[in-house]
Amino acid sequence: MADLNAIPSDEETSYNKGAAALYNLIKEVLPNHKLIASDVDLPKETTPYITLNPMESGGFQDNGIGNKPIYTKINDQGVTTKVYQEKCTWRIRSYKDKAFFSLKKVKSAVENDEAHYRHFGKDGVIGLTSIGSVRRTPTVIDFQKMENSATMLITLTYLHKYVDDTGQPIDKLDLKLKSKSTTSVEGGITRETDTVVDPSK
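We now turn to the structure provided with this report. (Residues numbered from 1 in each chain as written. Predicted model: local features only at pLDDT ≥ 70, side-chain atom pairs only at ≥ 80, totals over all residues. Heavy atoms only, no water.)

To continue, consider helix α1 (residues 11-29). Each full turn of the α-helix corresponds to 3.6 residues, which orients residues three or four apart in the same direction. Here α1 spans 28 Å end to end across 19 residues, near enough to the 27 Å set by a 1.5 Å rise per residue. When we look at burial in α1, the residues that qualify are S14, G18, A19, A21, L22, L25 and I26. Projected down its long axis, α1 shows its buried positions confined to an angular sector of 150°, all on one face. (Helix = DSSP H or I, 4+ residues; strand = E, 2+ residues; numbered from the N terminus. Expected span 1.5 Å × (residues − 1). Buried < 20%, exposed > 50% of the residue type's maximum accessible area, 1.4 Å probe, protein only. Arc of directions from axis to C-beta.)

Our focus in this paragraph is empty space enclosed by the protein. Tallying each qualifying case throughout the model produces one cavity of 30 Å³ or more. When its volume is computed, the largest cavity comes out at roughly 40 Å³. If you trace the largest cavity, you find it lined by Y15, G18, A19, C88, W90, L156 and Y158. Of all the elements, α1 adds the most residues to the lining of the largest cavity, at three residues. Taken together, the residues of the lining of the largest cavity sort by class into six nonpolar, one polar and no charged. (1 Å grid on protein atoms, 1.4 Å probe; cavity = no way out; pocket = protein on both sides within 12 Å on 5 of 7 lines; lining within 4 Å. Points joined across faces, edges and corners; volume = space filled by probe spheres on them. Nonpolar A, V, L, I, M, F, W, Y, C, P; charged D, E, K, R; others polar.)

Tallying each qualifying case throughout the model produces four aromatic pairs. Note on Y15 and W90: the rings are 6.1 Å apart at their centroids and 25° apart in plane angle, and the pair reads as stacked. Of this pair, Y15 sits in helix α1 while W90 sits in strand β4 (residues 80-95), placing them 75 residues apart in sequence. Given a relative accessible area of 8%, W90 falls into the buried group. Aromatic side chains F100 and F101 sit 5.2 Å apart centroid to centroid with 90° between the ring planes, which places their arrangement in the edge-to-face category. Here the aromatic residues Y15, W90 and Y158 are joined through ring pairs into a cluster of three or more. Between R136 and the ring centre of F100, over which it is positioned, the NZ or CZ distance is 4.0 Å. (Phe/Tyr/Trp six-rings, centres within 6.5 Å; stacked < 30°, edge-to-face > 60°. Lys NZ or Arg CZ within 6 Å of the ring centre and 35° of its normal.)

Functional significance is not addressed by these values, which are geometric in nature.
Shown next as structure tokens:
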């Protein structure tokens, strides 16, 4: 797992970090393609371009009622830190020219260990958990023309943390326990003695 200090508390920061890594990898592989967010009006491009669409996001350890932390730590001051892992599935779509083989190049780059580590493995905050197949998805233009297009799904993961500093320092908690010990003495008499145990010492 990533160093705890390197994990952002703000989930959006981690999400954007993963999106930037994906963008940079595609731009590295296809420098002549324009990258466009798919939730905006698409311009009438004459050169090859790619759209990126974050389709869905959710907890990696989601049990149906919420995401469960993958790591929990309580320090001596009573501060609790929980680390959560999220996932986001992106639909990447290439248009024009050799759209199918353009995405095949991206897929090959993601599967390359060196490129994978350079973009997703440096600090452990973001990662990539699955790469889908490249599918031909030709687009109809003006109800009569067909334009080359291809689609691929990629699922990214990212970490964020939640810090709760409302706890008490451990050394200030009342951890003293009482126990009884029984001692037999001469004449068959037993004597009970209270013993105080302080685990903090």
